[in-house]
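Here is how the chains run, residue by residue.
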Amino acid sequence: MTASDDIDGSTADESTCRLCDLPTPNRPITDPDIDGEFCCRGCLEVHRSLGDLDEAEAAAVKGAIDGRESARNRTVEPAEESGESAFFAVDGMHCTTCEAFLEGRGRTREGVYDVEASYATDTVRVRYDPEVLDEDDLPVLLSGYGYTAGRREDGRPGSDTNETVAFLAGGGLFGMMVMVWYALFLYPTYFGYDPVVEFGGYDGLYVFGNIWIMTSFVLFYTGWPILRGAYVSLRAGVPNMDLLVALAAVSAYAYSTLAMGVGQTDLYFDVTVAIVLVVTGGGYYESKIKARAVGRLSALTEQTIDDARRASDGETVPIDAVEPGDRLLVRPGERVPLDGEVLEGSAAVDESLVTGESAPVTKRPGDQVAGGTVVTDAPIVFEVDDPATSTLDRLVELLWEIQSSTPGVQRLADRLATIFVPLVVVIAGVAVAWTLISGGGITSAMLLGLTVLIVSCPCALGLATPLAIASGIKTATERGIIVTAEAVFEDAPEIETVVLDKTGTLTEGSMSVVSVHADDPEDVLRRAAAVESLSEHPIATAIVEYADQTSVDSSGMATDGGAKVIDPETFERASRGVSAPFDGAETVVGHPSLLDERGLTIDDAIETRIAAARDAGDVPVVVGWDGCARGVIVVGDSPRSEWRETVETLSVDRDVVVLTGDEGAAADRFRSVDGVTDVFAGVPPGAKAETVRRLKTRGPVAMVGDGSNDAPALAAADLGIALGSGTKLAGDAADATVVDDDLRAVPETFTVAERTNDRIRQNLGWAFVYNGLAIPLAISGLLNPLLAAVAMAMSSTLVVANSSRSLGIGERATEE
């Protein structure tokens, strides 16, 4: 592969980074030993360690992608470039067949360029021509055949879980009534007892009529999702397990209806009821699981910006009306709407949404600002880049591309459905034909075919995965782990590399005071907190909060004998710090260079403290007055107390990689730790997902992060785990979220997943053994439809019992 080739073998633009495809600076980062140009040192170092994907590796990656991906990755026509994208929540999807059906239907509509459906997220992305269609018209085009589409920001158009509860409640009531009538009037006759009523008269017609009506309700109301799934599978040409369940339920219903019409008493309406209620109950568990994944991507789109403020008149305008080169004003506390270059003003910008790093970055004229970041302490005016785009918007698209390109996790039964369903139908058909050819009656032949369909009904297969997953989710929840995707239980046991984001994952994720060094620490902290209390900078906030915690008077507006200690009019905000008169002296707080500019001397002892703080990856804040520096307040993002224990546990069976946007000492502190295989420092947001992809060529990868910039990497990994202290976007992109913010829950996630996966395998093994034994017995005539239904119920009962057993995970040790 040449230096200009990417994973798909295409030629990248010469002005883009070889790793992440972001634009390179005017002086690209290069290395004499490495081919290509890079946007930053972090991308170069990742490439040095992981290299390009060779042709064999690229083929392996592509081979793991579902066949439908080729349609999604088709060449985009020029007309589509001007199209717009919209995301919608869709209720009613429950397998990849639904994805194919919705995509195929949507693409036939005029003005729709492309439709991509994601069963795993219950979301559809539509790329359309705004000249032909209005966005408000799209939900109507997508709805129908049991699917309901609506805007994500308006809330889900419905609730699969609530609908399933309604189906079960109605079906359960009528199903129970059917079984009561069977127990009173029909079952006794099967064991040789005299019937309670005369079936040949009016009483029998009344009994059978009531059973038929109640069974019809169960089949056509409670069983509606199953029937719809069967219809969709036929329309899409992809047979699934819904089709086989529907065949069994409808066949039993149809046979019994015909038998009732000709005066027979061997009716199998109870079989129809049992099949529908058992499968619907299993679907209810799955609906509850999938409900946790609803809202994926929604938090990110909620943070996108609809308006911008012109610098010329301060008026707000729609973001769509902004052109490249426009000058925009952003006030403190507001989010930068688009990428651009600062023209006026200087401010600390919180880039945590985009970069994930806790320390704010000072932006001055000539610096680039990213759309989605927040200006914290002073207004700025910037010029919009060409083209007018937002880094946050690119994260939206990147996250969707990654998530939608990975098919939703399907039960093993669904993956085998394309073979299993036609095979069972053929077996039943052959059994019927052979019975007729060998001289058997039509009734006997129909009963034999019905028995084969019933005994093959995949209730145990359908329950094997969702019930085991429900048990695993319950155990995980008890330990503060919220599972949002079934992929956790399939993928976690195979993970070979765990990537840990530094900021917010291995560290606390927020600035705090680490230490205060001075001859009089209390006086230094008192002065610094008083001056910083008038600043909105995150470091200032950390100092003020620390002063409050240590009972030091931190109020810059406090009174001293009725007079204000600090007058806001005398407060001055410099580019790298702040200053104000306090207690009779001009007090300067900030970067050492600010004190040099103000003529304050810094002695050797304080210089030593400054150097030590920087070596540790922290920020030294120098405080001085009366001509010299008086002390240093060290501010930093402290490592979590449990991080070493977590790394040690994870490294027993897997490689551990630390990934961070920081450079220097902040990253170096992790290199010498036992258990850490690699540390990739200085990696920009756009390169995190690509780094994960490169690592995946070595084997399955898990990503652990907390920031919005981690979301694409979390989605790109085979398994994404987010910490609850992080952004909503990171949680939406992850497969599991640790809500109690205890890093030790990460290795516990793997333990729960591995034991749940074992339970799934046990359930599936039993289900396949059952089908392997039951189908031959049915063909041989040793089972009738009733016994087939009993065998099916017993198989399902064993699966339920096995899934209900404890996973046997001990209590987590309490931190001292």
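Quick caveat: nothing in here was measured; it's all calculated off a predicted structure.

Conventions used here
Starting afresh in each chain, residues are numbered from 1 along the sequence in its written order. Reporting of local features is limited, given that this is a predicted model, to residues whose pLDDT is at least 70; pairs of side-chain atoms are given and counted only at 80 or more, and all residues count toward the totals for whole chains, interfaces and linings. No hydrogens and no water enter the side-chain calculation; it runs on all heavy atoms of the structure. To get an axis, fit a line to the C-alpha atoms, keeping to the stretch in contact for a helix; angles then go from 0 to 180 degrees between the N-to-C directions. A run of H or I in DSSP counts as a helix once it spans at least four residues, and a run of E counts as a strand once it spans at least two, with each numbered from the N terminus. Note that the term roughly parallel is reserved for angles under 35 degrees, roughly antiparallel for angles over 145, roughly perpendicular for angles of 65 to 115, and oblique for everything else. Rotating anticlockwise by less than a right angle from the far helix to the near helix defines a left-handed crossing, while the corresponding clockwise rotation defines a right-handed one. The contact criterion used is simple: two residues touch if any of their non-hydrogen atoms lie within 4.5 Å. The classification used treats Ala, Val, Leu, Ile, Met, Phe, Trp, Tyr, Cys and Pro as nonpolar, Asp, Glu, Lys and Arg as charged, and all other residues, Gly among them, as polar. The classification of residues rests on relative accessible area computed with a 1.4 Å probe and restricted to protein chains. Under 20% of the type maximum is buried, over 50% is exposed, and intermediate values are partly exposed. Two strands are said to pair when DSSP picks up at least two bridges between them. We define a nonpolar core as any set of buried Ala, Val, Leu, Ile, Met, Phe, Trp, Tyr and Cys residues linked to one another through side-chain atoms lying within 4.5 Å. For patches, a residue must show more than 30% relative accessible area and have no salt bridge; joins then use 9 Å for like charges and 5 Å for nonpolar side chains, namely Val, Leu, Ile, Met, Phe, Trp and Tyr. Calculation of accessible area relied on Shrake-Rupley with a 1.4 Å probe; when residues are assessed, cover is drawn exclusively from the protein chains displayed. A carboxyl oxygen of Asp or Glu within 4 Å of a side-chain nitrogen of Lys or Arg is what we treat as a salt bridge. We call Phe, Tyr and Trp rings a pair once their centres come within 6.5 Å, taking the six-membered ring for Trp, and we label the pair stacked below 30 degrees between planes, edge-to-face above 60, and tilted otherwise. The criterion is that NZ of a Lys, or CZ of an Arg, lies within 6 Å of the ring centre and within 35 degrees of the ring normal, and then a charge sits over that ring.

A. Structural view of the packing of helix H8 (residues 202-222) against helix H10 (residues 241-261). At their nearest, the axes of H8 and H10 sit 11 Å apart, and the two run at 160° to each other. As summarised for this structure, H8 and H10 are arranged roughly antiparallel, according to the angle between their axes. For the pair H8 and H10, the crossing hand works out as left-handed. On H10, the residues touching Phe208, Gly209, Trp212, Thr215, Ser216, Leu219 and Phe220 of H8 are Ala249, Val250, Tyr253, Thr257 and Met260. Classifying every residue of the contact of H8 with H10 by side-chain character gives 8 nonpolar, 4 polar and no charged.

B. Inspection of the pairing of strand S29 (residues 719-723) at higher detail. For S29, the tally of buried residues reaches 5 of 5 residues, placing the bulk of the element in the interior. Because side chains alternate across S29, one face comprises the buried residues Leu719, Ile721 and Leu723, and the other comprises Gly720 and Ala722, equally buried. As paired elements, S29 and strand S30 (residues 736-738) share 3 bridges and run parallel to each other. Bridge pairing in S30 places Ala722 opposite Thr737.

C. Molecular detail of the nonpolar core. Residues Tyr182, Ile211, Leu244, Val271, Ile275, Ile454 and Val455 are the most contacted members of the largest nonpolar core, which totals 50 residues. In terms of residues, this core owes the most to one element, H10, which gives 11 residues. Leaving out residues up to four positions away in the same chain, Val455 has contacts with Tyr770, Asn771, Ala774, Ile775, Ala778, Leu783 and Ala788. In terms of nonpolar packing, the next biggest core, distinct from the first, is built from 41 residues, Ile473, Val658, Ala736 and Ala753 among them.

D. View of a nonpolar patch on the surface. Where nonpolar side chains cluster on the molecular surface, the patch consists of Leu173, Met176, Met177, Val180 and Leu184 and spans about 450 Å² of accessible area. Summarising the element assignment, Leu173 is placed in helix H7 (residues 160-190). Judged by its relative accessible area of 43%, Leu173 is partly exposed.

E. Structural detail: the packing of aromatic side chains. Per the stated rule, a full pass over the model turns up 7 aromatic pairs. Relative to Phe217, the ring of Phe174 has its centre 4.3 Å away and its plane inclined at 40°; by these criteria the two rings are tilted. Linking Phe174 in helix H7 with Phe217 in helix H8, this pair joins segments that are 43 residues apart in sequence. Residue classification places Phe174 among the partly exposed residues on the basis of a relative accessible area of 26%. In this arrangement the basic side chain of Arg527 is found over the ring face of Trp625, its NZ or CZ atom lying 4.2 Å from the centre.

Just distances and angles here, no functional claims.
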